[in-house]
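# Structural overview
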Amino acid sequence: MTVLHPGTMGAAITAELVAGGHEALSVTKGRSENTWLRGREAGATAYDSLAEALSRSAVVLSVCPPQAAEDIAAAVAAHGFAGVYADVNAISPQRVRHIADEIRPGTAVVDGAVFGQPPGEGRATRLYLAGADSAVELVASLFTDSALHVCQVGDTPGLASFISRDSVYR
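So, a few notes on the structure that sits alongside this text. Note that the structure is predicted; figures quoted are calculated from it, not measured.

A word on the pattern of salt bridges. Per the stated rule, a full pass over the model turns up three salt bridges. A salt bridge links E70 to R95; the nearest nitrogen and oxygen atoms lie 2.7 Å apart. With E70 in helix 4 (residues 69-78) and R95 in helix 5 (residues 93-102), the pair connects residues that are 25 residues apart, well separated along the chain. Overall, E70 belongs to the partly exposed group, its relative accessible area being 23%. Residue R95 is classed as partly exposed on the basis of its relative accessible area of 24%. Residue R123 is joined to E121 by a salt bridge in which the shortest nitrogen-to-oxygen separation is 3.9 Å. For R123, a relative accessible area of 30% translates into the label partly exposed.

Moving on: the environment of A58. Inspection of the secondary structure assignment puts A58 in the loop between helix 3 (50-55) and strand 4 (59-62). Its relative accessible area of 48% is what places A58 among the partly exposed residues. Each C-alpha atom, one on A58 and one on G83, is 4.9 Å from the other, the two residues being 25 residues apart in sequence. Those residues in contact with A58, other than ones at most four positions away along the chain, are F81, G83 and V84.

A few words now on the packing of helix 4 against helix 5. At a minimum axis distance of 10 Å, the contact between helix 4 and helix 5 shows a crossing angle of 15 degrees. Judged by the angle between their axes, helix 4 and helix 5 are roughly parallel. Both helix 4 and helix 5 take part in a crossing whose hand is right-handed. Of the residues in helix 5, those in contact with A69, E70 and A73 of helix 4 are R95, H98 and I99.

Another aspect to go through is the environment of L25. Inspection of the secondary structure assignment puts L25 in strand 2 (residues 25-27). Sequence spacing of L25 and A53 is 28 residues, and the spatial spacing of their C-alpha atoms is 6.4 Å. Excluding its chain neighbours within four sequence positions, the residues that come into contact with L25 are M1, T2, V3, A44, T45, Y47, A53, R56 and S57.

Okay, helix 1 (residues 8-19) next. End to end, helix 1 covers 17 Å across twelve residues, agreeing with the expected 16 Å (1.5 Å per residue, within 8%). Among the residues making up helix 1, those that are buried are G10, A11, A12, I13, T14, E16 and L17. Positive backbone phi, approximately 90 degrees, marks G21, located one or two places after helix 1.

A separate point is the pairing of strand 7 (residues 125-130). With five of its six residues buried, strand 7 lies for the most part within the structure. With five bridges joining them, strand 6 (residues 108-115) and strand 7 adopt antiparallel strand pairing. The residue bridging D111 from the neighbouring strand is A130, located in strand 7. Read as a crossover between parallel neighbours, the route from strand 7 over helix 6 (residues 133-141) to strand 8 (residues 148-154) is right-handed.

About the criteria used
Per chain, residue numbering runs from 1 following the sequence as it is written. In view of the model being predicted, local features appear only for residues whose pLDDT reaches at least 70, and side-chain atom pairs are presented and counted only at 80 or more, with totals across whole chains, interfaces and linings using the full set of residues. Working from all heavy atoms in the structure, the side-chain values ignore hydrogens and water. Should a side-chain nitrogen of Lys or Arg be within 4 Å of a carboxyl oxygen of Asp or Glu, the pair is scored as a salt bridge. Put simply, DSSP H or I for four residues or longer makes a helix, DSSP E for two residues or longer makes a strand, and each gets a number counted from the N terminus. Think of it in three bands: residues with accessible area under 20% of the maximum for their type are buried, residues over 50% are exposed, and the middle band is partly exposed, with areas taken using a 1.4 Å probe on protein chains only. Any two residues whose heavy atoms approach within 4.5 Å at even a single point are treated as in contact. Lines are fitted to the C-alpha atoms to define the axes, a helix being fitted only along its stretch in contact, and any angle between axes, read from their N-to-C directions, falls within 0 to 180 degrees. An angle counts as roughly parallel when it lies under 35 degrees, as roughly antiparallel when it exceeds 145, as roughly perpendicular when it falls between 65 and 115, and as oblique in every other case. Each crossing gets its hand from how the near helix is turned against the far one by less than a right angle, where anticlockwise is left-handed and clockwise is right-handed. One less than the number of residues in a helix, times 1.5 Å, gives the span that helix is expected to have. A pair of strands is considered paired only if DSSP assigns at least 2 bridges between the two. Orient the strands so they point away from the viewer; a crossover is then right-handed if the path from the first strand over the helix to the second runs clockwise.

If you want it as structure tokens, here you go:
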């Protein structure tokens, strides 16, 4: 699994993946030293290029600043990635649907939304997921027995982002 790009939340999620026995990959090219150090400290295996990391991954987990979500998805699509692309960024349902429409055909898009503080250190965090059943189940299985509590909320990309946004305003 490739995690793009592990800041504070992404590093905490990466640490949960690694603690669960999964190999997590990160990309160093074009990233600040602080960003790739967070990924390495979380246990990620660093690769110099996105192409190399993608060639070794069936799942991409995008956890980046909201303003970069579409650019990250476009970069992944440009490399011909055909696995499961999980966007767990704090973006609107419309932006998630746009990403789903623009990503390479044959790539399953899972809409994800993290609700809460970064997981770990006794904190549990909710991860809402929406998309095709098999893709959602694959992503959810990566977090079995972790501090990310997965809530599968439907099969329509954008639904997880909507539900998590709605939760903020209750």
